[in-house]
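Given next are the chains, with one letter for each unit.
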Amino acid sequence: MTTTTKGVFRSLRIFNYRVWAAGALISNIGTWMQRTAQDWLVLTQLTHHNASAVGIVMALQFGPQMLLLPWTGFAADYFNQRKMLMFTQATMGALAIVLGIMTVAGVVQLWHVYVFAFLFGCVSAFDAPVRQTFVAELVGDADLSNAVALNSTSFNAARMVGPAIAGLTIASVGTGWAFIVNGISFIAVLTSLSLFRLDELHPNARAARKKGSFLEGFSYVWARPDLKASMIMLFLIGTFGLNYPIFLSTMAVSVFHTDARGYGMLSTFMAIGTISGALLAAGRDKPRFNLMIVGASFFGLGGLLAALAPTYWLFAASLIVIGVAALTFMNTSGSLMQLSTEPAMRGRVMALRVGVALGGTPIGAPIVGWVADNFGPRWSLGVGAAAGFLAALVGLYAIMQQKKNPQPI
């Protein structure tokens, strides 16, 4: 019996994945509402258009991905993944509600946002590798690549809706209510986790608790040229390219002088691109390394077009290119790493992937924010574009080396 039938939405034939996808979509909409509201709160209410402050929030939120690496990857490989997800999702929901109440009450200050960003980051550091590897338990390896792509489709479909709802919410009832709605949305994913048919899961091999388990993950990646090249490419694009909150907020406010609705609309245009990229990935039979190079190249091109865009609508159109390219790159890397990694090592490899992709934000976000403040938002987009082109060169170098010393890529 196999589920390898073709089709963009083939993973939805599996009951557990359907339940998961429904809950995740609702929660993802709330997550995008919070991201939009948080950036708007910092940029327009707690500071006077200070992009560096947004960069610090991003650094605090994504820094724990790298800081907690010794524990997050092993936790994903060792503990029951469904129960761990229930804990992390409930905790993030509670944090969102508390921040929302503080904002509605008018007592929130910039340092409060910094603290909550760090707490969110700590919980998310444990949540992300589990959530990514748990997909294999839902669908098995045969449909893993498709399920990963559909997860991205859901996340980015929410990106199309969430920021727009956040913009309306901020304009009508205030920023704090966007946080509260996000906190409530976690009930959906917690409900889905409790409704699974446990006998239909495909349990991943669990890691044994032993000394040096964390270093074992590093050694495993270091011995694989394909994984090393992927990690370097991820670091470049994740550190300097995926700083959307800085790019979108500073271009919206400082260059095009739009309001919260206009800012939310830019995220919607980005989502059109990312959903398109995710659906294209879902339709592929299997991921290939050269698609990462294509994605990185077009990410650089899209960033360059965005930096040079003379009008709001041309800028919005360039975001579609960036979105397609980013999802092509990120989905391909995620699927390749999971499918080419031993099941008992997946948690640690994916934790390293998340740590590299997001953990570089404490380095990149403040730099990109500083560039935006001192040279203008267009130059900060130029930094992201350069990162995409450089990542593509790294991928090309890896392929040339592979031809000299043949190993699978």
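The structure we're discussing is the one just above.
Every chain is numbered on its own, with residues counted from 1 as its sequence reads. Only residues with pLDDT of 70 or above have their local features reported here, since the model is predicted, and side-chain atom pairs are shown and tallied only from 80 upward, although totals for entire chains, interfaces and linings are computed over all residues. Excluding hydrogens and water, the side-chain figures rest on all heavy atoms present in the structure.

Participant: How would you explain the overall build of the protein if you had to name every residue and give the values?
Facilitator: In terms of helices and strands, the protein carries 17 helices and 0 strands. Here the protein has a C-alpha radius of gyration of 20 Å; the compact-globule value for 409 residues is 22 Å, and the two agree. Note on exposure labels: buried denotes an accessible area under 20% of the residue type's maximum, exposed denotes more than 50%, and partly exposed covers the range between, all computed with a 1.4 Å probe on protein chains only. Out of the 409 residues belonging to the protein, those deemed buried represent 58%. Accessible areas in this description were obtained via Shrake-Rupley with a 1.4 Å probe; residue shielding takes into account the shown protein chains only. Within the structure as shown, the protein displays about 16,500 Å² of accessible surface, and the carbon and sulfur contribution to it stands at 70%. Once the 26 positive and 14 negative side-chain charges of the protein are each reduced to a mean point, those two points are 4 Å apart. Here a helix means four or more residues in a row that DSSP labels H or I, a strand means two or more in a row labelled E, and each is numbered from the N terminus. The globule rule is 2.2 Å times the number of residues to the power 0.38, and the radius of gyration it is compared with is taken over C-alpha atoms. Positive: Lys, Arg. Negative: Asp, Glu. His and the chain ends are not part of the count. Charged side chains are reduced to one point each, which is NZ for Lys, CZ for Arg, CG for Asp and CD for Glu.

Participant: Give me a nonpolar patch on the surface: which residues, what numbers.
Facilitator: Each patch groups residues whose relative accessible area exceeds 30% and which form no salt bridge, using 9 Å between like charges and 5 Å between nonpolar side chains of Val, Leu, Ile, Met, Phe, Trp and Tyr. Basic side-chain nitrogens of Lys or Arg form a salt bridge, by our definition, when they fall within 4 Å of a carboxyl oxygen of Asp or Glu. Together, V294, F298, L301, L304, L305, L308 and F389 line one region of the surface with nonpolar side chains, adding up to about 620 Å² of accessible area. On the secondary structure map, L301 appears in helix α13 (residues 289-308). We classify L301 as partly exposed; its relative accessible area is 34%.

Participant: Help me get a handle on the pattern of salt bridges, residues and values and all.
Facilitator: Evaluated as defined, the whole model comprises 4 salt bridges. Two residues, E200 and R197, come together in a salt bridge whose shortest N-O distance is 3.4 Å. A salt bridge links R224 to D226; the shortest N-O distance between them is 2.9 Å. The class of D226 is buried, set by a relative accessible area of 11%.

Participant: How would you summarise the packing of helix α11 (residues 244-255) against helix α12 (residues 260-282) if you had to cite specific residues and measurements?
Facilitator: For helices, the fitted line uses only the C-alpha atoms of the stretch in contact; every axis is such a line through C-alpha atoms, and the angle between N-to-C directions lies from 0 to 180 degrees. At a minimum axis distance of 9 Å, the contact between α11 and α12 shows a crossing angle of 135 degrees. When the axis of α11 is compared with that of α12, the two are oblique. Between α11 and α12 lies a crossing whose hand is right-handed. Residues Y244, P245, L248, S249 and A252 of α11 pack against Y263, L266, S267 and M270 of α12. Asp, Glu, Lys and Arg are counted as charged, while Ala, Val, Leu, Ile, Met, Phe, Trp, Tyr, Cys and Pro are counted as nonpolar; the rest, among them Gly, fall into the polar class. When grouped by side-chain class, the residues that make up the contact of α11 with α12 number 7 nonpolar, 2 polar and no charged. Should an angle lie under 35 degrees it is considered roughly parallel, over 145 roughly antiparallel, and from 65 to 115 roughly perpendicular; all remaining angles are considered oblique. Here a crossing is called left-handed whenever its near helix is offset anticlockwise from the far helix by less than a right angle, and right-handed whenever the offset is clockwise. Note on contacts: a residue pair is in contact if any heavy atoms of the two residues lie within 4.5 Å.

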